[in-house]
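# Fold and geometry: a report
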There are 2 protein chains.
Amino acid sequence: MVTTAAILTTGTELVRGELVDQNSAWLSSRLIELGFVVTEHRTIGDDDEDFHRAFLELTARHTLLFVTGGLGPTTDDRTSACVAHALGVPLVRDPEALRQLESFILSRGFQVGESNRKQADFPAGATILPNPVGTAPGFTVPFQRASAYFFPGVPREMQAIFETSVAPRLKVGARTLVMRKLRTFGVPESHINDALAGLEVKHGVVLGYRASDAEIEVKVFASAIDDEDVRRAEERARAAVVDIKVILGRAIYAEGETSLAEEVLFALRARGLRLALAESCTGGLVSTSLTDIAGASDVFLGGVVSYGNSVKTHVLGVAEKLLSEHGAVSPEVAKAMALGAREKLGADVAIGITGIAGPGGGSDGKPVGLVHFAFALGDRLVHLERRFNGERALVRRRATKYALFQLLSLLTNPSLSE
Amino acid sequence: MVTTAAILTTGTELVRGELVDQNSAWLSSRLIELGFVVTEHRTIGDDDEDFHRAFLELTARHTLLFVTGGLGPTTDDRTSACVAHALGVPLVRDPEALRQLESFILSRGFQVGESNRKQADFPAGATILPNPVGTAPGFTVPFQRASAYFFPGVPREMQAIFETSVAPRLKVGARTLVMRKLRTFGVPESHINDALAGLEVKHGVVLGYRASDAEIEVKVFASAIDDEDVRRAEERARAAVVDIKVILGRAIYAEGETSLAEEVLFALRARGLRLALAESCTGGLVSTSLTDIAGASDVFLGGVVSYGNSVKTHVLGVAEKLLSEHGAVSPEVAKAMALGAREKLGADVAIGITGIAGPGGGSDGKPVGLVHFAFALGDRLVHLERRFNGERALVRRRATKYALFQLLSLLTNPSLSE
């Protein structure tokens, strides 16, 4: 029997485009990591007839079905009733689920209404999947060819139920899949694709890519059938990773679950260095990226968003003469911003960033997308410049990642660049 | 005949969850604005058999089908061939499409290969939909009950083809839909839902909601059949909007296509005021939101991200005594930050923000999620505090929007709050 998985997301707000469905991609990623093949996503509104048809079709066609949405307290939350109808069984109120959801609601100081109690109704015979972070439990039933799993639509709750109750079940009997992730920056996906052509066949692995703003995540999958084979799969993945590291070289900045911002904070921490920023065209985005990470404050002191020239002179101490002679977007001003931020904020390392994010403000000599970066690090003052393509938001995001990537390179390979 | 629309997005990267499908939501939104009913989204990988089955099912079930992906130059781009196969017609190379795509590629300094030429192959009898921004044109064919439209998967290209060639076609004969959007902040969706219950029936309109980080967009749809009815539909929508404004009051901050950051910049500009920021727990996110908008520099001078206490004292001039007596997260320090930012950056208006984004750093007296805001505006210094629920990223985003919303309220209703 061919094992394939499908995902059915339900909700009128999804099918009307009021909300982008993030659950399907999340579930697919996790299922693929667990060794399953996902071949179909489907989204329908809160409609009994559409649900019935999709449920019949997908459980006939696939061996695993994951359904999100329709488990809430309101009248358009109809999933349990629809499933009971399809199975030809009654809805049964589960006393344990009822007790848990009542105590969850009461602990938050709310009253329990009949619409809440409805969330403890399940098709007779269903196995309940507890919700560790919300009121609506999930459940699972077998139907036609498939095991069908049902989750609330709230991503956080769906993910919590999946990780605590579903992933452990699925692992039993699934192919074990070895996965390794390499994170690269600055090389286009098509180039990586071409450069790594042949490695899949050579090592008996599958490669996957995920691109966002000049960052490409390269995933190496190797599947195993039994314990002995797990070791061989790990060996195949390892050999592929070695080849990829040789081929992509310094474009790989890290391996595993991390980010450029986390790696920068880690590298600073390891060296006992504290960072300050002076941002112009990125407008606070580098700062935001670093402070997204909890605990950034031990190595990130802060920054100055010097959008107006007066802020460059008064707060960062950039000389008026530099601004008038070279313009705000120049190597000289980027350097003075970095030095100013380092001194005024009392940091060890600083970055200065000035450029033209667009769409206006460009000229022949200084086109939209041109950004100057300066890195003040010990007695070194490194200037880099780069022209980024794309619209304003993209220029800003790419410049932010470029700044973090180059700082990471300078910290981890002190002999490089200038 | 019931008119319903479906969207089929194709691409192995989508079904594997390597990329979140944004096209379905975009197309649904536009179709609903044009007066159509979308009842199903489907996503499949690059697989001929899956495509064939989905194409047959969806064109039998719906009167409009929109398909994205599979029109590129590589071997896994198979949409045209699959459609030709389903229709039982040959693929035909279109000379005009070939000429255009060759000149597009040559103008960018690349060579034209056979894989590119393949993009000028269409099922015999298809109507070609020119691509104003890329190489792959779209096309449309009638099949079974449906008119089926095919687009490249790149959102920018799909959107350009939709707007230039498809929307004008669809408008002919479609119901005209009047839509108005109201933007609210700070009221939960369930509350708005309850508060506006009954308005749909009263005014003959449909209400739609879109929530993100404490912002709820309320859409009022009224459909019309002919020219006379457009005016009546507009009148119904207008009457509903009047009622909604009465019911939701100050929670509505604007109408139409705008954002909190744009409204803040607009309000500052209208009053000739320049803004500075002092951000601690939001770490640059307020600054980033404002500088996301092109042209922010005329009224937004910049800000200081004072993550470390030394930055609060050295750069913003917050007295050490305030920090030691009240702690960094206190009304006193928020006020001193706002006053310091206004003075040091030479602004007219300033916001100071200090709080505990979490997950660490909370205590009984100062729990995670607590944020103090101070607004320095003329001779007024307004303090507000708020406790936000949710994880770190959510606390930061909600605090950012709260700061912008409150500044907007102070600017537009100077008599309010304190």
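Since the model is a prediction, treat every value here as computed from it, not as a measurement.

Turning our eyes to something else, we now look at a nonpolar patch on the surface. On the surface, Val242, Val246 and Ile247 of chain A cluster together into a nonpolar patch covering about 260 Å² of accessible area. Residue classification places valine 242 of chain A among the partly exposed positions, given a relative accessible area of 41%.

Two strands in a sheet stick together by hydrogen bonds in their backbones, pointing the same way (parallel) or opposite ways (antiparallel). The twelve strands lie next to each other as S6(A)-S7(A)-S8(A)-S3(A)-S1(A)-S2(A)-S2(B)-S1(B)-S3(B)-S8(B)-S7(B)-S6(B), forming an open sheet whose pairing is mixed. Sheet topology places strand S6 (127–129) of chain A together with strand S6 (127–129) of chain B at the edges, where each strand pairs with a single neighbour. Between one strand axis and the next, the sheet turns through 20 degrees on average, direction left out of account. Of the strand pairs in this sheet, S6 of chain B and strand S7 (residues 138–143) of chain B are connected by three bridges, and their pairing is antiparallel. Within the sheet, the bridge partner assigned to isoleucine 128 of chain B lies in S7 of chain B and is phenylalanine 139 of chain B. Those strands touched by helix H3 (residues 48–61) of chain B are strand S2 (38–44) of chain A together with strand S1 (5–10), strand S2 (38–44), strand S3 (64–68), S7 and strand S8 (146–151) of chain B, and its axis lies near 175 degrees from that of S2 of chain B.

With that out of the way, let us pick up the relation of the copies chain A and chain B. Both copies of the chain are related through a single rotation about an axis accompanied by a shift along the same axis. You can overlay chain A on chain B at an RMSD of 0.6 Å; the transform is a turn of 180 degrees with a shift of 0.5 Å along its axis. The transformation just described matches what one would write down for a two-fold rotation axis. A shared interface surface links the copies, since 100% of the contact residues of chain A are contact residues in chain B too.

This part is about the layout of surface pockets. Each pocket or cavity is described by its volume, and for the second largest pocket that value is around 500 Å³. What lines the second largest pocket is a set of 27 residues, and nearest its centre among them are Phe36, Val37, Val38 and Thr39 of chain A together with Arg16 of chain B. Elements that contribute at least two residues to the lining of the second largest pocket include exactly S2 and strand S11 (215–224) of chain A together with helix H1 (12–15) and H3 of chain B. The biggest single contributor to the lining of the second largest pocket is S11 of chain A, with three residues.

Turning next to the pairing of S1 of chain B. Residues and elements named next belong to chain B. Extensive coverage of S1 is indicated by the burial of six of its six residues. Here S1 shows two buried faces, one formed by Ala5, Ile7 and Thr9 and the other by Ala6, Leu8 and Thr10. Judged from the five bridges that link them, S1 and S3 form a sheet pairing that is parallel. Looking across to S3, one finds that alanine 6 is bridged to leucine 65.

Residue and element names in this part refer to chain A. Mapped onto the elements of the fold, valine 349 is located in strand S15 (residues 349–355). A sequence separation of 73 residues divides valine 349 from alanine 276, and the C-alpha atoms of the two residues are 6.4 Å apart. In contact with valine 349, not counting residues within four places along its chain, are Leu268, Leu273, Arg274, Leu275, Ala276, Arg342, Ala376, Leu377 and Leu407.

Cut-offs used in this document
Residues numbered from 1 in each chain as written. Chains lettered and ligands numbered in written order. Predicted model: local features only at pLDDT ≥ 70, side-chain atom pairs only at ≥ 80, totals over all residues. Heavy atoms only, no water. Patch = residues over 30% accessible without salt bridge, like charges linked within 9 Å, V, L, I, M, F, W, Y side chains within 5 Å. Areas by Shrake-Rupley, 256 points an atom, 1.4 Å probe, with all protein chains shown as cover. Salt bridge = Lys/Arg side-chain N within 4 Å of Asp/Glu carboxyl O. Buried < 20%, exposed > 50% of the residue type's maximum accessible area, 1.4 Å probe, protein only. Pairing = 2+ DSSP bridges. Helix = DSSP H or I, 4+ residues; strand = E, 2+ residues; numbered from the N terminus. Axes fitted to C-alpha atoms, helices over the stretch in contact; angles between N-to-C directions. Contact = heavy atoms within 4.5 Å. Least-squares fit on C-alpha atoms with pLDDT ≥ 70 in both. 1 Å grid on protein atoms, 1.4 Å probe; cavity = no way out; pocket = protein on both sides within 12 Å on 5 of 7 lines; lining within 4 Å. Points joined across faces, edges and corners; volume = space filled by probe spheres on them.

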